[in-house]
Amino acid sequence: MAESAEEIAQHEKELDQFKMNWFKLDGKVAIVTGGNTGLGQGYTVALAEAGADVLVAGHGTEQWAETRAMVEKRGRRVEFMQVDLTTPDAADKVIQTALDKFGRIDILVNNAGMIKRNPLLESKDQDWDNVIAINLSAVYHLSLAAAKVMAKQKSGKIINIGSMLSFQGGKFIPSYTAAKHGVAGLTKAFASELGAYNIQVNAIAPGYIKTANTAPIRADKARNQEILDRIPAGHWAEPYELMGIAVFLASDAANYLNGAIVPVDGGYLVR
């Protein structure tokens with residue numbers, strides 16, 4: 001059945017409401033944990049490229065000058081905060097620092113993390129405790145602290161960093177696997193309650209990316225080939241290939257996406 005003139009006009013009106021500037025982050029403030037190195041630095045610079053100012057919070061101080069130069073080159077502000085995200089008051093300190101420096105919080109990227117590799121029967125209790133503390137507990141506490149601010153302003157984006165191990169069991173990394181499954185669960189639980197406050201909570205699940213953390217796997221010829229054989233794209237991702245999804249999830253273009261765990265894996269999970 002052909003559409004009526006009124007229906008066509010309504011569809012055109014709806015399409016007109018979609019603007020490419022929905023992907024812009026001008027005037028927004030982001031917090032990126034572990035945002036001075038690796039993929040975290042990439043997220044920081046990508047958000048700045050889209051228009052956001054950024055607070056980088058985390059334990060390390062390396063590459064602060066490099067990250068600052070990259071952000072300021074794009075005409076945005078960046079501040080740094082050295083903090084142990086596993087301490088009891090870390091979340092409140094990070095949130096207050098962001099408010100003091102920038103006056104608001106629009107985006108939180110829970111990127112900081114660590115990984116310990118050991119066969120299961122050789123696992124160490126301390127490794128378990130350390131990985132869960134930074135990869136899961138810190139995500140919960142910082143997300144909750146940020147959500148309290150975002151709920152008052154009736155807007156916000158929380159972006160968690162999951163993994164292929166949010167879906168699979170993996171090898172030699174039980175603590176990391178448990179934490180990343182937990183991140184997927186936290187993403188859904190927070191999204192379920194915070195949607196009513198116009199806060200969207202989603203997660204990126206990176207596939208196999210060329211980073212310092214994956215260097216040992218790439219150096220293992222047999223394991224590297226095993227992974228490549230399963231990736232339809234046929235190659236490990238470059239870090240920049242994770243940046244588009246971060247900007248999208250932080251932007252108004254993702255206003256109706258909530259509770260999603262988005263794989264960026266070259267098709268790894270389909271095989």
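What this report covers is the structure whose coordinates are included nearby. A quick note: this is a predicted structure, and the numbers were derived from the prediction, not measured.

A few points about the packing of aromatic side chains
Scanning all chains against the criterion turns up 5 aromatic pairs. When the ring of Tyr 140 is compared with that of Phe 190, the centres are 6.1 Å apart and the planes differ by 90°; the resulting orientation is edge-to-face. Placement of the pair is Tyr 140 in helix α5 (residues 125-153) and Phe 190 in helix α6 (residues 174-194), with a sequence separation of 50 residues. Taking the relative accessible area as the measure of exposure, Phe 190 reaches 12% and is therefore buried.

A short note on the pairing of strand β2 (residues 53-58)
Counting buried positions along β2 yields 6 of 6 residues, so the element is predominantly enclosed. Residues of β2 alternate between two faces, with Asp 53, Leu 55 and Ala 57 on one and Val 54, Val 56 and Gly 58 on the opposite face, all of them buried. Two strands pair when backbone bridges link them, and strand β1 (residues 29-33) and β2 are joined in this way by 5 bridges, in the parallel orientation. When the bridges of β2 are listed, Val 29 appears paired with Asp 53. For the segment spanning β1, helix α2 (residues 38-49) and β2, crossover handedness is right-handed.

Thoughts on helix α4 (residues 90-102)
Owing to its 3.6 residues per turn, the α-helix aligns residues three or four sequence positions apart on the same side. The terminal C-alpha atoms of α4, which comprises 13 residues, lie 18 Å apart, in line with the 18 Å expected from a rise of 1.5 Å per residue. Within α4, the full set of buried residues consists of Ala 90, Ala 91, Val 94, Ile 95, Thr 97, Ala 98 and Phe 102. With its buried residues spanning 160° around the axis, α4 presents them on a single face. Exposed side chains of α4 directed beyond 90 degrees from the buried face belong to Asp 92 and Asp 100. Elements in contact with the buried residues of α4: β1, β2, β3 (78-82) and α5. Count one or two residues on from α4 and you reach Gly 103, which has phi positive near 85°.

Reading the values: rules and limits
- Residues numbered from 1 in each chain as written.
- Predicted model: local features only at pLDDT ≥ 70, side-chain atom pairs only at ≥ 80, totals over all residues.
- Heavy atoms only, no water.
- Phe/Tyr/Trp six-rings, centres within 6.5 Å; stacked < 30°, edge-to-face > 60°.
- Helix = DSSP H or I, 4+ residues; strand = E, 2+ residues; numbered from the N terminus.
- Buried < 20%, exposed > 50% of the residue type's maximum accessible area, 1.4 Å probe, protein only.
- Pairing = 2+ DSSP bridges.
- Right-handed = clockwise from strand over helix to strand, strands pointing away.
- Expected span 1.5 Å × (residues − 1).
- Arc of directions from axis to C-beta.
- Contact = heavy atoms within 4.5 Å.

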